[in-house]
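Read off the chains here:
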Amino acid sequence: MDILNNLFPNLYDWLAGALHALLAGLNLVKDAENAIVATIMALVVVVVLLLWLVLMVLAMIWFERKTAARVQDRVGPNRVGPWGLLQPIADTIKMLIKEDIIPTNADRLVHTLAPIVTAAPAVLAFAVIPWGKGMFPVDLNIGLLWIVAIGSIGTIGIFMAGYGSNNKFSLLGGMRAVAQMVSYEVPQVLTIVVIALLAGSLSLNKIVDAQGGMGGFGWYILAFPVGPIAFVIYYISALAEVNRTPFDLPEGESEIVAGHHTEYSGLKWGMFYVGEYFNFFLVCCVAVTLFLGGWQGPILPPYVWFIVKVYALVLLGMWIRMTWPRFRVDHLMAFAWKVLVPIALVNIILASLFVTYALPALKQMGLF
Amino acid sequence: MTTDLFLSNVGFFVMGLMALAGALIAVSQQNLLRAALGLILAFLGVAGIYFMLEAEFVGVVQILIYVGAISVLILFAVMLTRGLMRGAGSGHNSQWIGAAFVSLLLFLILSAVALFAHWNVTATKVTTDLVPKIGVDLLTTYLLPFEAISLLLLAALVGAIVIARE
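Model, not experiment: these values are computed from the prediction.

Trainee: Help me get a handle on the nonpolar core, residues and values and all.
Mentor: Residues W146, I195, F281, L282, C284 and A287 of chain A are the most contacted members of the largest nonpolar core, which totals 110 residues. Residues within four places of C284 of chain A in sequence aside, it is in contact with V310, L313, V314 and G317 of chain A.

Right, dumping it as structure tokens:
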């Protein structure tokens, strides 16, 4: 059981040891040899993480189409492979061979850079998430703040897409999307403050470690009344951040053609599409780390627990998408500023009272 | 030169070049939106320099505030001002000789200050978690600036709401 739990850290150590043995023959300075091995291992981790993320996104695309179909009482893709499992690969190939169109009077550089600036921050933020016990790429002691900061870079990309398309609908859709994302960052950060209060640290590893009580079930979502309120507000604002229904006004087809990605085709549109799934996956991973205890859990290996919890939240998000209608743009803003922000502020006050008075007593009782 | 020092020099030069390139784009582009994007690149370069100096909190807050909020504000302002989207015409006017002279003077003065002043370098290397220390300091040693800034934020919020209501 210990072998299975520590599978990936052991693989990492074995590879680093093999590299050290390989380079020992060259008789370099100790510092230089360590630096070279560290660089190569960092590259290996980055490549493995990227491949894993792409695999996860392909799985999510298939999952979404099948779930949408079942909710709508039909079957979904079932021709391309067994149960339609090769459908995302077929979609990727189709996307790669399409013609790349840039509108006539558009700003070429801005139009080309926009998908990259939108999709890259989501990948950057995955570097701090603990995927299992001892399986974190980087342990920043301000990990929580890093995720919030990197998430706020994505708005620039959407702005660039809206402007660089030389299209009124793109511009309007881009500005609406940026206004929505900026507004919903506020309740999101306010609920993250609650978790920082409960855990006493901004490091994601310490937050997951702090949820280990009660036999692996001492999750912050169970910290009544503060935890569930914070989780609900976080999940709603996170869905709005990544522009998923019911908050996908900027990209709904009946509203504004396709908003800021109207004029994109081929791989650039693919980057927007995949970037949206990266963002959604990231937000579910962060919600699991903060509220559902990360990789904590009894019998199964930690990384299995993590993936199961993340996919439970992904299923919840897709379920919400399939069943609820869209918000109107003024309702969207009013909801963020007039409903979510006051509740989140009251929640912070409750959390401070909880931490000062209730938490020491609960710690003495052995919970949390 | 140890590996440590070499790597931090490499990092500093890369980030410094990024900041300089962004600043050059910001001042030389005629299209105002491209200039704003160059400014964003400069902000990211400065954040990288903060990370090289192991001031991670300041670096992350630089990205969060400058790139995430102030740049979005600048882009909105550029978008919503009619007539700014067309080219601004030539980037020079007839006073460029005086401007170049004053810029050179400013550069010389700043370099002299940076290189020859007696900077207060702390002898101890901070290895513990800095964020709790910053929090405690904000609420004990630097309480007055903290409260003054929150009053300023309140005034800005109230002003924004009053202007937006009309």
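Trainee: Got a sec to walk through the interface of chain A and chain B? Specific residues and values, please.
Mentor: Counting residues at the interface gives 20 residues for chain A and 19 residues for chain B. Listed by contribution, the elements that provide at least two residues to the side of chain A that touches chain B are α3 (30–71), α6 (143–151), α7 (154–164) and α8 (168–199) of chain A. Here the residues of the side of chain A that touches chain B sort into 16 nonpolar, three polar and one charged.

Trainee: Tell me about the domain arrangement of chain A, residues and numbers included.
Mentor: Many authors give the size of an interface as the accessible area that is lost as the parts come together. All names here are of chain A. If you check the domain split of chain A, you get domain 1 (8–97) and domain 2 (104–364). Summarising the inter-unit geometry, the C-alpha centres of domain 1 and domain 2 are found 22 Å apart. Every contact between the two is made by 15 residues of domain 1 and, on the other side, 17 residues of domain 2. Looking at the side of domain 1 that touches domain 2, the elements that each hand over two or more residues are α2 (7–24), α3 and α4 (87–96). It is α3 that provides the largest number of residues to the side of domain 1 that touches domain 2, a total of 11 residues. Across the side of domain 1 that touches domain 2, the residue classes tally to 13 nonpolar, one polar and one charged.

Trainee: Tell me about the domain arrangement of chain B, and name the residues and values.
Mentor: Domain annotation for chain B reports domain 1 (1–84) and domain 2 (130–166). Taking only C-alpha atoms into account, the centre of domain 1 of chain B sits 25 Å from that of domain 2 of chain B.

Trainee: Can you lay out the packing of α7 of chain A against α8 of chain A for me, pointing to particular residues and giving the numbers?
Mentor: Residues and elements named next belong to chain A. Direction vectors running N to C along α7 and α8 enclose 165°, while the axes themselves pass 7 Å from each other. With respect to α8, the element α7 is oriented roughly antiparallel. For the crossing formed where α7 meets α8, the hand is left-handed. Across from T155, I158, F159, A161, G162 and Y163 in α7, the residues of α8 making contact are S170, L171, G173, G174, M175, A177, V178, M181 and V182. Class assignment for the residues of the contact of α7 with α8 results in 10 nonpolar, five polar and no charged.

Definitions and limits used
- Residues numbered from 1 in each chain as written.
- Chains lettered and ligands numbered in written order.
- Predicted model: local features only at pLDDT ≥ 70, side-chain atom pairs only at ≥ 80, totals over all residues.
- Core = buried A, V, L, I, M, F, W, Y, C linked by C-beta atoms within 7 Å.
- Buried ≥ 20, exposed ≤ 12 C-beta atoms within 10 Å, placed from the backbone.
- Contact = placed C-beta atoms within 7 Å.
- Helix = DSSP H or I, 4+ residues; strand = E, 2+ residues; numbered from the N terminus.
- Nonpolar A, V, L, I, M, F, W, Y, C, P; charged D, E, K, R; others polar.
- Domains from an automatic or database assignment.
- Axes fitted to C-alpha atoms, helices over the stretch in contact; angles between N-to-C directions.
- Parallel < 35°, antiparallel > 145°, perpendicular 65-115°, else oblique.
- Left-handed = near helix turned anticlockwise from the far one by under 90°.

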